[in-house]
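For reference, the chains in residue letters:
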Amino acid sequence: MKDSKIQAVVFDMDGVLLDTESITKICWKNAASEYGIRGIEEVHKLCVGTNWNDTLTILKNNYGNNFDAESFRSRCSTLFKEYCSKNGIPLMEGAKSCLEYLKNQGYRIALASSTAYQNVKRELENAQLFHYFETVTTGDMVEHSKPEPDIYLKACKSLHIKPEHCVAIEDSPNGIKSAYKAKMKCVMIPDLIEPTDEIKSIVWKLCNSLNALKDFL
């Protein structure tokens, strides 16, 4: 049964609309090999959904204050851009049809991505999805990104809609925690990280793909 109080749907981008997380994982692994560091797969999971500043903090927490986190993160970005320039970025299953459906249903649509605005705009325009979003809120617009609620609170405010009347579409635990703290309804479509019992307890809906949104929105 559909909830008539829901007025807007706010999407994460990476791992929800664009299949970027699997590419990022490869790039981080290659960069870690260059830098001679181990355990990057677990550290990468901690960073999924966080912005640049919070990512640097996590890297230093795991590899020490003397680790050149900014250089490493920049190298990951370079490898990512090189990969995408050569291979492109695939859409997640149902991305375009889902956005078109929600638009036709009269929902207002926004984006809340921890990625920097310039990269978000470029990647969504290349995927021909940018025009679906009424507002775009990104990681470089807030001091702390996911799992803190700042980015979702800002996204809801940009629409002038209370968070409790908005749904967040996320793939990561950090994203779900962020939206939950903002008092939004949380929909999780897991990508690289499966939900724990804690995460399952705070999601509104747990789905296999974006196509499932049509069942309740």
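Everything below is about the structure printed above this text.
Residues numbered from 1 in each chain as written. Predicted model: local features only at pLDDT ≥ 70, side-chain atom pairs only at ≥ 80, totals over all residues. Heavy atoms only, no water.

## A look at the overall build of the chain
Link 1 in the chain: Within the chain, the secondary structure is distributed over nine helices and six strands.
Link 2 in the chain: The globule rule puts the C-alpha radius of gyration for 217 residues at 17 Å, and the 17 Å found for the chain is close to it.
Link 3 in the chain: With respect to the three principal axes, the spread of C-alpha positions in the chain is 55 × 35 × 30 Å.
Link 4 in the chain: Counting all 217 residues of the chain, 52% fall into the buried class.
Link 5 in the chain: A separation threshold of at least 6 residues defines the contact pool for the chain, and within that pool the share at least 24 residues apart is 65%.
Link 6 in the chain: As presented, the chain carries roughly 10,600 Å² of accessible surface, and 46% of it is formed by carbon and sulfur atoms. (Helix = DSSP H or I, 4+ residues; strand = E, 2+ residues; numbered from the N terminus. Rg over C-alpha atoms; globule rule 2.2 N^0.38 Å. Buried < 20%, exposed > 50% of the residue type's maximum accessible area, 1.4 Å probe, protein only. Contact = heavy atoms within 4.5 Å. Areas by Shrake-Rupley, 256 points an atom, 1.4 Å probe, with all protein chains shown as cover.)

## Comments concerning the pattern of salt bridges
Link 1 in the chain: Inspection of the entire model under this criterion finds 10 salt bridges.
Link 2 in the chain: Between Glu123 and Arg122 there is a salt bridge; the shortest N-O distance is 3.7 Å.
Link 3 in the chain: A salt bridge links Glu170 to Lys146; its shortest N-O distance comes to 2.7 Å. Taken as a pair, Glu170 in strand β4 (residues 166–170) and Lys146 in the loop between β3 (135–138) and α7 (150–159) lie far apart in primary sequence, 24 residues in all. (Salt bridge = Lys/Arg side-chain N within 4 Å of Asp/Glu carboxyl O.)

## A short note on the packing of helix α1 (residues 21–35) against helix α2 (residues 40–47)
Link 1 in the chain: Interaxial distance between α1 and α2 falls to 10 Å at its minimum, and their mutual angle equals 135°. Put simply, α1 runs oblique to α2. The handedness of the crossing between α1 and α2 is right-handed. Contact residues: Glu21, Thr24, Lys25, Trp28, Lys29 and Ala32 in α1; Ile40, Glu41, His44 and Cys47 in α2.
Link 2 in the chain: Its residues assigned to classes, the contact of α1 with α2 shows four nonpolar, two polar and four charged. (Axes fitted to C-alpha atoms, helices over the stretch in contact; angles between N-to-C directions. Parallel < 35°, antiparallel > 145°, perpendicular 65-115°, else oblique. Left-handed = near helix turned anticlockwise from the far one by under 90°. Nonpolar A, V, L, I, M, F, W, Y, C, P; charged D, E, K, R; others polar.)

## Here we look at the pairing of strand β2 (residues 108–113)
For a regular strand, side-chain orientation follows a simple rule: the groups alternate between the two sheet faces.
Link 1 in the chain: Counting buried residues along β2, five of its six residues qualify, which places the element largely inside the surrounding structure.
Link 2 in the chain: Bridging between strand β1 (residues 8–11) and β2 involves four bridges; their strand directions are parallel. Note that in β2 the partner of Ala8 across the bridge is Arg108.
Link 3 in the chain: The pairing of β2 with β3 spans four bridges and is classified as parallel. Looking at the pairing, Ala110 lines up with Thr135 of β3. (Pairing = 2+ DSSP bridges.)

## So, the state of the cysteines
Link 1 in the chain: Inspection of every chain in the model, using the stated rule, returns zero disulfides.
Link 2 in the chain: Counting only cysteine sulfurs, Cys156 is the nearest neighbor of Cys186, a cysteine outside any disulfide, at a range of 11 Å. (Disulfide = S-S within 2.5 Å.)

## Digging into the layout of surface pockets
Link 1 in the chain: The volume enclosed by the largest pocket comes to roughly 700 Å³.
Link 2 in the chain: As for the largest pocket, its lining consists of 32 residues, and the residues nearest its centre are Thr50, Arg73, Ser114, Thr115 and Ala116.
Link 3 in the chain: Sorting the residues of the lining of the largest pocket by element identifies α1, α2, α3 (52–63), α4 (69–87) and α6 (117–126) as the ones contributing at least two each.
Link 4 in the chain: In terms of residue count, the dominant contributor to the lining of the largest pocket is α4 (five residues).
Link 5 in the chain: Here the lining of the largest pocket is built from residues that sort into eight nonpolar, 15 polar and nine charged.
Link 6 in the chain: Within this model, the second largest pocket holds a volume of roughly 170 Å³.
Link 7 in the chain: Mapped onto the lining of the second largest pocket, the elements with two or more residues apiece are α4 and α6. (1 Å grid on protein atoms, 1.4 Å probe; cavity = no way out; pocket = protein on both sides within 12 Å on 5 of 7 lines; lining within 4 Å. Points joined across faces, edges and corners; volume = space filled by probe spheres on them.)

## Here's the deal with the environment of Leu124
Link 1 in the chain: Mapped onto the elements, Leu124 comes out in helix α6.
Link 2 in the chain: Spatially, the C-alpha atoms of Leu124 and Ser178 are 22 Å apart, while their sequence positions differ by 54 residues.
Link 3 in the chain: The contact partners of Leu124, leaving out residues within four places of it in the chain, are Met13, Leu18, Leu111, Leu129, Phe130 and Phe133.

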